[in-house]
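# Observations on the three-dimensional arrangement
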Amino acid sequence: MDGSPQFARFGARTAALLDQWQQQNHRPLTAPAWLDTGGSGASLASVFVRDSDPGRTRRRMIIKLCSPDGDSSMEPGRLIAARRSLPNGDPSFPRDHLVEQLYDPMPVDDAWLMFQGFAGNDETMVTLSTVLRQRRMPGVAAQITRSLLADWNPDEKWDGEMTAAAFVSELLDQRLEPAEPLAVWVRDKLGLGLETAWIRPGRANAAPLPNPVHLTGSCPLAEGTLDYPIRGRAHGDLHPGNIMVPKEPDADTGRYVLIDLSRFDERALLARDPMHLLLCLVADFLPHMSDDARAELLDLLVGRDTPGLLIPQGLARTVDEVRSAPDGWLQQRTVSGQWAGQWLLSMQACALMFTARVRYDARDRWWFFRLAAEAAGAYLRSVDAYEPGEAVLVPGPREAEPAAVEAVVVAGVKLPRQVAPREAKPEAKPATGPAPDPVRIPAPSPAPTPLRESVASTPRATGESLPDAAAGTPAAELPDTLPALLIDLGNAFADRLGELREYEAGSVTARTLGLVREQADQGQADLRTLLSSRHDTLREEVRERLDAVLGRLAHVTEVANTPGFSYEQPLFQRDLAHRALVVALGTLLGSTREAALSLQADRTGRDGQATDPIRPEETRAPSG
């Protein structure tokens, strides 16, 4: 039995079981809409159910297929525990702000299929991730933070003292195990050992900071002691995809519902939930910010004075309002003086969680790592325990993805090098035409015989919608040297990346996707043509670098073809597809640069100098 096609995304077996469930219980399910799960491995769909019970009639319901392993497999029991945990015996918070199990969960192999609902049965509720760019966001985030603490945790709980290192380690759980993504990235991309105590992130004259992943033995954070770690009821994975809010922009900010309580804990460290939510909102803005703006944001988050003129206004308000949201709750706590330090330590831990996530590019992950280090340093200063020792320079990721290309002269030949990405304005409207070409690089002379259209010769559209590939493009000559082609590839895809960064979340047009696909396909064809005639003359390392560029080009085509860009998909899915394409293009540009430098090293090593002629700038074919 194949199952209903409307639930095919759950898998064939689950779809078939849902068909049986509908028929046997006389509960037809209609209008499924798929929800963001934050990469947890679960699948969520919002549906309407018509119940045979006259008391229920038709209502909205969330169907969740839990991940078969880890915390998700425990969700049915933890949801029951969350609803039974009543703040001071008052049932109003679980009733108003937590999903409930409408029907008994159903086993599916090693996982669970759950049927959840919430108070109000309001069909206009959407996940917070779909309204991230609305004016109300700062107030909504602050109100949720206030409510999670004041309404869900009016009673005090703590388990006695612990070191600052133990606090951060508890929040990170197993993430610093040697084989986990965080430890692997820090070791392989930063060249940093987990046991290094002090670092200088970014530059040699930077102030020493504690290595945020060094949490064992006599690490710097072992010197700080928290007398009263504040604990209580916590969601455990609070992000915009796990919060339902009204769709209407002017709705009551106090109306929200928490979903996915697979990590609910009645005695969790309370600073984590609001901090994790705040950094999720920060991560949404980060790709649109320049390095200077990111530096100001880092200062703002750790509590340093900053003019903040470059930080988007909505983000600055969100940071300020979420940070001050616990004030009223803290005034009633006997341990309120402990909160500031726990806030910084939670920032360190949560920033490291983001550092570990592969869906962010190297530039963003590096920023989160620096934030973790700055938060750790700010904590030590706040408790007068900042006593730096010998510090190791950590300049940044070894394979950071560039976002644009410019020329640098090496032995008489111009090659690509990394430059800062172009800043896009937050909430900018989709571009009606490509962004201006940021570079004009002289390239080697073209081959005397036209082979096929080069990726650098793709014409610029005039604003009309473009199909998957532009037809009727006039032929152009393919550059006869690999350096020339790599330069053309770098410039063409730097344009595309700049254009993608200027779109609002999830609003990429068919025209832009068509250009990306066409240029990636043509780039593969051009590169293969040149490689086939020169493959035997290249060293193995150079061939591997060029093969990596071919693989990155193929990946860009694959990502640009994902169904997630369809306007029939929810906004959060279009946004995820948009982000994935930005990361894929950035990675391609990094591989292109590495291949060009490797090729130049090979040429200068064999010949003493590079001998490719330089074509005058005015003869260069336009990129993109």
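What counts as what
- Residues numbered from 1 in each chain as written.
- Predicted model: local features only at pLDDT ≥ 70, side-chain atom pairs only at ≥ 80, totals over all residues.
- Heavy atoms only, no water.
- Helix = DSSP H or I, 4+ residues; strand = E, 2+ residues; numbered from the N terminus.
- Buried < 20%, exposed > 50% of the residue type's maximum accessible area, 1.4 Å probe, protein only.
- Contact = heavy atoms within 4.5 Å.
- Areas by Shrake-Rupley, 256 points an atom, 1.4 Å probe, with all protein chains shown as cover.
- Salt bridge = Lys/Arg side-chain N within 4 Å of Asp/Glu carboxyl O.
- Expected span 1.5 Å × (residues − 1).
- Arc of directions from axis to C-beta.
- Phe/Tyr/Trp six-rings, centres within 6.5 Å; stacked < 30°, edge-to-face > 60°.
- Core = buried A, V, L, I, M, F, W, Y, C linked by side-chain atoms within 4.5 Å.
- Pairing = 2+ DSSP bridges.
- pLDDT = per-residue confidence, 0-100.

## Description of the overall build of the protein
Secondary structure assignment for the protein yields 16 helices and 17 strands. Counting over 624 residues, the protein shows a buried share of 55%. Residue pairs in contact within the protein that sit at least 24 positions apart in sequence constitute 73% of those at least 6 positions apart. Surface exposure of the protein reaches about 25700 Å², of which carbon and sulfur atoms provide 49%.

## A word on the pattern of salt bridges
For side chains bearing opposite charge, pairing can occur when the charged atoms are close. Considering all chains together, one arrives at 16 salt bridges under this definition. Among the salt bridges present, the one from aspartate 155 reaches arginine 233, with a minimum N-O distance of 3.1 Å. Here the residue aspartate 155 occupies a position in the loop between helix 4 (137-150) and strand 7 (162-163), and arginine 233 occupies one in strand 11 (residues 231-234), the gap between them amounting to 78 residues. Note that glutamate 499 is salt-bridged to arginine 511, the shortest N-O span being 2.7 Å.

## Quick look at the environment of proline 138
The topology assignment puts proline 138 in helix 4. The contacts of proline 138, once residues within four sequence positions are left out, are Gly314, Arg317, Thr318 and Glu321.

## Quick notes on helix 9 (residues 313-324)
With twelve residues, helix 9 extends 17 Å from end C-alpha to end C-alpha; this agrees with the ideal 16 Å at 1.5 Å per step. Of all the positions in helix 9, only Leu315, Ala316, Thr318, Val319 and Val322 are classed as buried. Burial along helix 9 is one-sided: seen end-on, the buried residues are contained in an arc of 160°.

## Some details on the packing of aromatic side chains
As enumerated under the stated definition, the model contains 15 aromatic pairs in all. Taking 5.2 Å as the distance between ring centres and 80° as the angle between the ring planes, the aromatic pair formed by tryptophan 158 and tyrosine 228 counts as edge-to-face. Placement of the pair is tryptophan 158 in the loop between helix 4 and strand 7 and tyrosine 228 in the loop between strand 10 (225-226) and strand 11, with a sequence separation of 70 residues. On the basis of relative accessible area, tryptophan 158 is assigned to the partly exposed category, the value being 32%. Judged by relative accessible area, tyrosine 228 falls into the partly exposed class, the value being 36%. Where tyrosine 360 meets phenylalanine 368, the ring centres are 6.2 Å apart and the plane angle is 50°; that geometry is what we call tilted.

## Re the nonpolar core
Core analysis: the biggest nonpolar cluster contains 110 residues, and Leu221, Leu297 and Leu371 have the highest contact counts within it. Apart from the residues lying within four places of it in its own chain, the contact partners of leucine 221 are Thr163, Ala164, Ala165, Val168, Leu215, Leu345, Gln348, Ala376, Tyr379 and Leu380. Listed in part, the 36 residues of the second largest apolar core include Leu486, Ala520, Phe565 and Leu581.

## Side note on the sheet that holds strand 6 (residues 125-127)
Spatial strand order, 6-12-13: three strands in an open sheet with antiparallel pairing. Each having just a single partner strand, strand 6 and strand 13 (257-258) make up the two edges of the open sheet. Sheet topology places strand 6 next to strand 12 (residues 243-246); three bridges connect them, and they run antiparallel. Directly across from valine 126, in strand 12, lies its bridge partner valine 245.

## Focus on the sheet that holds strand 9 (residues 209-210)
The three strands are arranged 9-8-15 in an open sheet whose pairing can be described as mixed. Lying at the two open borders of the sheet, with one neighbouring strand each, are strand 9 and strand 15 (391-394). The sheet contact formed by strand 8 (residues 198-201) and strand 9 spans two bridges and is antiparallel. By the bridge assignment for strand 9, isoleucine 199 is matched with leucine 209.

## Remarks on the confidence of the model for the protein
Per-chain confidence: the protein averages 79 in pLDDT, with 77% of residues scoring 70 or above. Counted against residues more than four places away or in other chains, residues 399-479, with its pLDDT under 50, gives 230 contacts. The model gives residues 607-624 a pLDDT under 50, and that stretch makes 54 contacts with residues more than four places away or in other chains.

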